[in-house]
Amino acid sequence: MKNDEKVKNGKYDASNDRIMYKRVRFASDFCFSIASLTPSSSFIAIIESLALSPSEAERQAFSLMHIYMASTFISLPSVSPSAAMSVKDKCKDTMKSGTSFQSSFFGKDKQPLSMKTKSHGRITMAVAVKASRFDNITMAPPDPILGVSEAFKADTSELKLNLGVGAYRTEELQPYVLKVVRKAENLMLERGENKEYLPIEGLAAFNKATAELLFGADNPVIHEQRVATIQGLSGTGSLRIAAALIERYFPGSKVIISSPTWGNHKNIFNDARVPWSEYRYYDPKTVGLDFDGMIEDIKAAPEGSFVLLHGCAHNPTGIDPTPQQWEKIADVIQEKNHFPFFDVAYQGFASGSLDEDASSVRLFAARGMELLVAQSYSKNLGLYAERVGAINVLCSSPDAAIRVKSQMKRIARPMYSNPPVHGARIVANVVGTPDFFNEWKDEMEMMAGRIKSVRQKLYNNLSSKDKTGKDWSFVLKQIGMFSFTGLNKAQSDNMTDKWHIYMTKDGRISLAGLSAAKCEYLADAIIDSYHNVS
């Protein structure tokens, strides 16, 4: 039909335009189908477009239809004729009620409604909802350590190697559950122990065992009952209790932490609103300990500061002070009236000896110093998911210990009420049963020995393959599950992008996730990244 035949008396006549009529009808039926399946009445008013002129109806109906198609990816063949028919009664009721398109789509307060998708069978559609009160909350950045594992899982390369997370692996790079842990769990089943709530301070048998393990069962501080101990949610939760204690009872006091340190330390003190600063620890020139800088910064800290120390196997560097250096550190802390605060996450796992790895803590205790000590059993017993640890406060008197413990319980109560029982019973059974205890020490020696073995093999490969004469001996001087390679961020990125080796961007690798078979491949990657990437 020609255009002039569609105009009568200067007005547009749509009654003769069958093509337009069909298009309007199709768009309207499309909208009917959506409205019939949508619980909200917001879209039903769309069919009011039929009351407009056909050209306006076509414009609005198709405009909205295209919006829906773009935002919901609806497949037209999935819209059933029965759905289109079922909405007609709704449409009539909506028109009679006088609901306008504007109020239906924008709401009574004329504010735009945000869109979310909802699935009904084969059809996915948009549903109008008001803007969330959480719209001002931004996306948090991924965790720098746990995010490494996510990236590793997404990599399809057969060469990939995850050296990011500090969790022990077998030579076949599989998770390892200690045999003694299995035996302790079987003993718990045989006893038929219940799952009743623990007291706020945790399992009494665990608290006794963990304090004795840390200080030594024959230590005077144990017999004099000068240690206040409560069970915590592994090392992180125990540190958090200590941070809250500092914030509440030592207001304004500062915590000084090593540079670098475990990434979560700063988060813990920030959340507890405890101010912190750093003391020098790592020397990039020697890939070793900056002992002079450390001592200088501890001396410069405000009197009465809390000095956070890694009891053994410093994370992330693997660099520990020598026994003579620990003596000097204790001297300076005493001179400045500072408060020593130990994080002990690897007792027995670093050297293979429980006593050797606790020697730094026991040195300070023997000097009569009051101190804080957080413990974790994630590494040395492999209880990563059980979240079992403790916070210990060594006080100058039994009376002070009782009062401190009461206040730590007061802090724990609104945080998590009481700790979980399963992991605590495992620790108590292992430490409290002589046969289990000896077996645990053997398994710790085995795990620590495997890590020492791959450390040595990595060093051998680095030394033999690198023809530049670079000294890689720092690898052997480090201890525990980590090695600080000295690689910068760009070099660490090359390790991942080119070699499919996943690690934290500060150059830390977890030797616990390395097998002897992969040492040569890792050495090639380190040498390439160190020499060819600036």
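Reading guide: rules and limits
Residues numbered from 1 in each chain as written. Predicted model: local features only at pLDDT ≥ 70, side-chain atom pairs only at ≥ 80, totals over all residues. Heavy atoms only, no water. Buried < 20%, exposed > 50% of the residue type's maximum accessible area, 1.4 Å probe, protein only. Helix = DSSP H or I, 4+ residues; strand = E, 2+ residues; numbered from the N terminus. Right-handed = clockwise from strand over helix to strand, strands pointing away. Pairing = 2+ DSSP bridges. Axes fitted to C-alpha atoms, helices over the stretch in contact; angles between N-to-C directions. Contact = heavy atoms within 4.5 Å. Salt bridge = Lys/Arg side-chain N within 4 Å of Asp/Glu carboxyl O. Lys, Arg positive; Asp, Glu negative; His and termini not counted. Parallel < 35°, antiparallel > 145°, perpendicular 65-115°, else oblique. Left-handed = near helix turned anticlockwise from the far one by under 90°. Nonpolar A, V, L, I, M, F, W, Y, C, P; charged D, E, K, R; others polar. Core = buried A, V, L, I, M, F, W, Y, C linked by side-chain atoms within 4.5 Å. Phe/Tyr/Trp six-rings, centres within 6.5 Å; stacked < 30°, edge-to-face > 60°. Lys NZ or Arg CZ within 6 Å of the ring centre and 35° of its normal.

Caption draft 1: Fine view of the pairing of strand S12 (residues 339-344). In terms of residue burial, S12 counts as a mostly covered element, since six of its six residues are buried. Neither face of S12 is open: one carries Phe-339, Phe-341 and Asp-343, the other Pro-340, Phe-342 and Val-344, and all of them are buried. Following the backbone out of strand S11 (residues 306-310), through helix H13 (residues 323-335) and into the adjacent parallel S12, one traces a crossover that is right-handed. Relative to strand S13 (residues 371-376), S12 is paired through four bridges, and the arrangement is parallel. Each residue of the ladder has a partner; that of Phe-341, found in S13, is Leu-372.

Caption draft 2: Focus on the sheet that holds strand S8 (residues 276-280). Strands sit in the order S6-S14-S13-S12-S11-S7-S8 across an open sheet of seven strands; the sheet is mixed. With one partner strand each, in any of the chains shown, strand S6 (227-233) and S8 form the two edges of the open sheet. On average, each strand axis in the sheet is inclined to that of its neighbour by 25°, with strand direction left out of account. Helix H12 (residues 291-300) contacts strand S7 (255-259), S8 and S11 of the sheet and is inclined by roughly 145° relative to S8. The strands touched by H13 within the sheet are S11 and S12, with S11 carrying the most contacts at an inclination of about 170°.

Caption draft 3: Molecular detail of the pattern of salt bridges. Enumeration over the complete set of coordinates arrives at 20 salt bridges. Measuring nitrogen to oxygen at the nearest pair gives 3.9 Å for the salt bridge that ties Glu-193 to Arg-191. Classification of Glu-193 by relative accessible area gives partly exposed; the value is 30%. One salt-bridge network, in which partners are shared between bridges, spans Arg-191, Glu-193 and Arg-425.

Caption draft 4: Representation of the side chain of Lys-379. Structurally, Lys-379 can be placed in the loop between S13 and strand S14 (388-394). The buried charged residue Lys-379 lacks any salt bridge partner; its closest oppositely charged side chain belongs to Asp-343, at an N-O distance of 9.2 Å. Here Lys-379 is in contact with Gly-166, Ala-345, Tyr-346, Phe-349, Tyr-384, Met-447 and Met-481, once residues within four sequence places are set aside.

Caption draft 5: Representation of the packing of helix H8 (residues 204-215) against helix H17 (residues 422-432). Axis separation between H8 and H17 bottoms out at 8 Å; the angle between their running directions is 55°. Put simply, H8 runs oblique to H17. With respect to the hand of their crossing, H8 and H17 are arranged in left-handed fashion. Residues Ala-205, Phe-206, Ala-209 and Leu-213 of H8 form the contact with H17, whose participating residues are Ala-424, Val-427, Ala-428 and Val-431. Broken down by class, the residue content of the contact of H8 with H17 amounts to eight nonpolar, no polar and no charged.

Caption draft 6: Expanded view of H12. Buried within H12 are the following residues: Phe-291, Gly-293, Met-294, Ile-295, Asp-297 and Ile-298. Contacts made by the buried residues of H12 are with S7, S8, strand S10 (288-289), S11 and H13.

Caption draft 7: Expanded view of the nonpolar core. Ranked by internal contacts, the top residues of the largest apolar core, which has 100 residues, are Phe-215, Leu-309, Ile-329, Phe-364, Leu-381 and Trp-440. Among the elements that line this core, the one with the most residues is helix H18 (residues 434-465), at nine residues. Apart from residues lying up to four places away in sequence, Ile-329 is in contact with Phe-291, Met-294, Ile-295, Ile-298, Leu-309, Pro-321 and Phe-364. Counting residues in hydrophobic clusters, the runner-up holds 31 residues, among them Val-255, Phe-306, Ile-391 and Ala-401.

Caption draft 8: A look at the packing of aromatic side chains. Per the counting criterion, the structure on display carries 17 aromatic pairs. For the pair Phe-306 and Phe-339, a centre-to-centre distance of 4.8 Å together with 20° between the ring planes defines the contact as stacked. Taken together, the positions of Phe-306 in strand S11 and Phe-339 in strand S12 put the pair 33 residues apart, joining distant regions of the chain. On the accessibility criterion, Phe-339 (17% relative accessible area) is buried. On the numbers, 6.3 Å between centres and 85° between planes, the contact of Trp-326 with Phe-364 is edge-to-face. Taken together, the residues Trp-326 in helix H13 and Phe-364 in helix H15 (residues 359-366) connect sequence positions 38 residues apart. For Trp-326, a relative accessible area of 8% gives the class buried. Owing to a relative accessible area of 0%, Phe-364 belongs among the buried residues under this scheme. Within the aromatic cluster, the residues linked to one another by ring pairs are Tyr-168, Tyr-176 and Phe-349. Lys-470 extends its terminal NZ or CZ atom over the ring of Trp-472, reaching a point 4.9 Å from the ring centre. Residue placement shows Lys-518 over the ring face of Tyr-521; its charged tip is 5.6 Å from the ring centre.

Caption draft 9: Structural detail: the pairing of S14. The buried fraction of S14 amounts to seven of the seven residues, a majority that puts the element mostly inside the structure. Burial of S14 is two-sided: the residues Val-388, Ala-390, Asn-392 and Leu-394 facing one way and the residues Gly-389, Ile-391 and Val-393 facing the other way are all buried. The sheet contact formed by S13 and S14 spans six bridges and is antiparallel. Bridging across to S14, Ala-374 finds its partner in Ile-391.

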